Amino acid sequence: MEIDKFVKNLGKICDEFAINVTDGTTEEVRFSENTIDLDSEWSNPSYTVFAARGKKIVETSLDSLESWEGKLRALSNMLENAPENPDFYGINPVKFSYHNIQEYRNADIHGMAGDMIHGARDGGADRAAGLIYLHNLRNRVITPWNDQEYSESSLELVVRAFKGSNSGQEALHYGMDSMESANPYGAGMSAARTATLTDKKASIDEGKYDVIFSPYTMGTVLSYNMEFLSYYSINAGLSPFLDRAGQVVASKNVTIFDDPLDKRGAGFTPVDQEGTATSRVNLIENGILKGYLHSYSTGRQSGNQSTGNAGIIQPMPWQIHMAGGSGNPDDMIAGMKKGLLINNSWYARFQDESNGTFSTVPRDGIFLIENGEVSGSLEGIRISDSILNILMHVRELSREEKYVKWWDEIHASIMPYALVENVNISKGF
């Protein structure tokens, strides 16, 4: 096989390597204006190849191994010309056996798209748009010490419902242990409920407000900011969590962990990109920062162990889980004298990565709450704050958690509703 020849000869031009192979199929159904307008499937394999010669490291992506001899020559030339990386300490040499190929899951995603449209219309929306992905993938991680393989099936449902100029959105993900529980009709209904919550417009001044973050809004905020817990960011000096291990970085209500072995989510990842077994990694526990995300190399560099989070170049979280509390969003609204409910947000951009200050644009359901009731919808505002201020002011969390994933804005994660005090709100227009 081409992969066997490639691996054998790759070992001749470098000291260490890691090859991540993903193959399988992805099916997509997309709809807009209440009509399915795209039904497609693709099955292109992909290869991510990391190679090290001493402290010289390179990584490249290939879409096939045809003419692999020329690609190896190019890789060898890249290694020859690469500068030494003083922060590279090798990939994990510990043997770890993992082989779990399960039968792929099928789903009628065409019918699901119709169910989401019907749910949105029955919920009072004028029109709906969205998409569904069904992934059936086979992953293989090959290093000089390990050859691991596993399969995964996952489902993503995204629906936006529109009523006049108002909109609502749901964006959910399901793994191998939860795909049968998907409720596309309910997702459409829920998005429509947000879009039809009020047709009254409201406005606010810039300033500090108590804000109910939906699971999607909190998912956006944490998807961007949890990368600051990668030791790569710590070592670069570009993290608000630098030198804060063991310190209070959030309210005591906040517990956040990486949960790659939860098969109910699409972020299921049993081995990392250098073949290390993954596990639950506690990041923030009752407000205390417990540590950082490590590959084998960053672990050795900092006197720690790998946490099973390679990305070899940059350790990364696989499936962030913010633990819920005992509240519920209806009671949060009922108990709020004046504040905001924000259903979703996108385009988070950082002004100062060292301090974690950023802004992001709310959308798909932004509401002013006065005296325990929704008094109108808002537009043109931004959340302009820092991750530390937001985490320090989490007053209450819901028992309800959602498995949320949307585009590149929200990585596969599990989030509750969160009532956050004193959030800085600015206005774009």
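Scroll up to find the structure.
Residues numbered from 1 in each chain as written. Predicted model: local features only at pLDDT ≥ 70, side-chain atom pairs only at ≥ 80, totals over all residues. Heavy atoms only, no water.

This structure, assessed with the given rule, holds 11 aromatic pairs. Ring centres of tryptophan 42 and tyrosine 133 lie 6.4 Å apart, and the angle between their planes is 80°; this geometry places the pair in the edge-to-face category. Residue tryptophan 42 is located in strand β2 (residues 35–42), and its partner tyrosine 133 is located in strand β6 (residues 127–142); the two are separated by 91 residues in the primary sequence. Exposure remark for tryptophan 42: the relative accessible area of 37% places this residue in the partly exposed category. Tyrosine 133 gets classed as partly exposed once you look at its relative accessible area, which sits at 21%. Both rings, one in tryptophan 346 and one in tryptophan 407, keep their centres 6.2 Å apart while their planes meet at 50°; by these two values the pair is tilted. Of this pair, tryptophan 346 sits in strand β14 (residues 338–352) while tryptophan 407 sits in the loop between β18 (394–406) and β19 (410–427), and the two are 61 residues apart along the sequence. A relative accessible area of 21% places tryptophan 346 in the partly exposed class. Between the NZ or CZ atom of lysine 55 and the centre of the ring of tyrosine 89, over which it lies, the distance is 4.2 Å. Directly above the ring of tryptophan 346 sits arginine 363, whose terminal nitrogen or CZ lies 4.0 Å from the centroid. (Phe/Tyr/Trp six-rings, centres within 6.5 Å; stacked < 30°, edge-to-face > 60°. Helix = DSSP H or I, 4+ residues; strand = E, 2+ residues; numbered from the N terminus. Buried < 20%, exposed > 50% of the residue type's maximum accessible area, 1.4 Å probe, protein only. Lys NZ or Arg CZ within 6 Å of the ring centre and 35° of its normal.)

As a further point, take the side chain of glutamine 148. Structurally, glutamine 148 can be placed in strand β7 (residues 147–163). Judged by its relative accessible area of 1%, glutamine 148 falls in the buried class. Ignoring anything within four residues of it in the chain, the contact list for glutamine 148 reads Phe96, Tyr98, Asn139, Arg140, Val141, Val271 and Gly275. (Contact = heavy atoms within 4.5 Å.)

With that settled, consider the side chain of aspartate 385. In this structure, aspartate 385 sits in strand β17 (residues 381–386). Buried within the structure, aspartate 385 lacks any salt-bridge partner; its nearest side chain of opposite charge belongs to lysine 208, at an N-O separation of 4.5 Å. Polar contacts involving the side chain of aspartate 385 include one to the main-chain amide nitrogen of asparagine 424, which spans 2.8 Å. Other than its neighbours up to four places away in sequence, aspartate 385 contacts Lys208, Gly356, Thr357, Phe358, Ile390, Asn422, Val423 and Asn424. (Lys, Arg positive; Asp, Glu negative; His and termini not counted. Salt bridge = Lys/Arg side-chain N within 4 Å of Asp/Glu carboxyl O. Polar contact = N/O pair within 3.5 Å; in protein donor to acceptor, adjacent residues only side chain to side chain.)

On to the packing of helix α3 (residues 109–122) against helix α4 (residues 184–195). In contact at an axis separation of 7 Å, α3 and α4 are set at 35° when each is read in the N-to-C sense. Of the two elements, α3 crosses α4, and the hand of that crossing is right-handed. Counted together, Met112, Asp115, Met116, His118, Gly119, Ala120 and Asp122 of α3 and Pro184, Tyr185, Ala187, Gly188, Met189 and Ala192 of α4 form the full contact between these two elements. Residue composition of the contact of α3 with α4, by class: 8 nonpolar, 3 polar and 2 charged. (Axes fitted to C-alpha atoms, helices over the stretch in contact; angles between N-to-C directions. Left-handed = near helix turned anticlockwise from the far one by under 90°. Nonpolar A, V, L, I, M, F, W, Y, C, P; charged D, E, K, R; others polar.)

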